[in-house]
Amino acid sequence: NHISNGTVFKSYGLSFELKDIMLSYSHSQGYTIDISRPQDYSILENEIVSYSSIEEDLIDLYTTYFLSLITDEIERPSKYSIDLSYKSSTYANSTRILFSYKQNKFSNHNLNDTESYHVGLEYSRTNKIPIRLGVSYKKSALRYISPASTLMSGTSVKFGNINVDIGCQYSL
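All of these numbers come straight from a predicted model, not from anything done at the bench. (Residues numbered from 1 in each chain as written. Predicted model: local features only at pLDDT ≥ 70, side-chain atom pairs only at ≥ 80, totals over all residues. Heavy atoms only, no water.)

**Student:** So what exactly am I meant to see when it comes to the overall build of the protein chain here?
**Tutor:** Scanning the protein chain from N- to C-terminus turns up two helices and twelve strands. Counting over 172 residues, the protein chain shows a buried share of 29%. When the accessible surface of the protein chain is split by element, carbon and sulfur atoms take 59% of a total near 11600 Å². (Helix = DSSP H or I, 4+ residues; strand = E, 2+ residues; numbered from the N terminus. Buried < 20%, exposed > 50% of the residue type's maximum accessible area, 1.4 Å probe, protein only. Areas by Shrake-Rupley, 256 points an atom, 1.4 Å probe, with all protein chains shown as cover.)

Written as structure tokens, this is what we have:
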């Protein structure tokens, strides 16, 4: 639960793991921040800090922020996520596959509910540099903006006890 100014915002997650397969589900309650009320400013500040590391969620926050210039309200949608991952390891290599589905439900009729689909693959040989590839598809909350597809790739390099992840993405 997230508590701000005496208001509780519920979120929960659940994961099942069976051998090499993991299934996860999470849900976060949506809420509306009324920016005309001074006591809601601390909720907004907490939201900006919590969103800052997740690009996709930050875009949703800015979308609702710009809408608030008209309506005095910023909405954080209800969020649902389901993930399925598979990891296979043998003596010589390791492979991971991830499938993810995310949905944001808005109560504001000016915004559309969004869905996003993600698929990722990581392959590495023992003591070698891993190769990561991924693709995602996301529908926009604004009806006039087309859905976006993104191709991603990356790797990581280890320097002693430090791992450096390198990645790039290309939006279509």
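**Student:** Sorry, what's going on with the confidence of the model for the protein chain here?
**Tutor:** Any segment with low pLDDT has predicted coordinates that should not be analysed in fine detail. On average, the protein chain scores 80 in pLDDT, and the residues at 70 or more come to 72%. When mean pLDDT is taken per element in the protein chain, strand S10 (residues 131–138) scores highest with 95 and strand S1 (residues 2–4) scores lowest with 47. (pLDDT = per-residue confidence, 0-100.)

**Student:** Is there a simple way to explain the pairing of strand S12 (residues 162–171) in this structure?
**Tutor:** A regular strand places its side chains so that they alternate between the two faces of the sheet. Counting buried positions along S12 yields zero of ten residues, so the element is predominantly exposed. Here strand S11 (residues 148–159) folds back onto S12, and the loop between the two strands holds two residues, one of which, Gly160, carries a positive phi near 65°. (Pairing = 2+ DSSP bridges.)

**Student:** I keep staring at unusual backbone geometry and nothing clicks. Help me out?
**Tutor:** Here Lys19, not a glycine, exhibits a phi torsion of approximately 55°, which is positive. Tracing the backbone shows Lys19 in the loop between strand S3 (11–18) and strand S4 (21–28). Classification of Lys19 as exposed rests on a relative accessible area of 77%.

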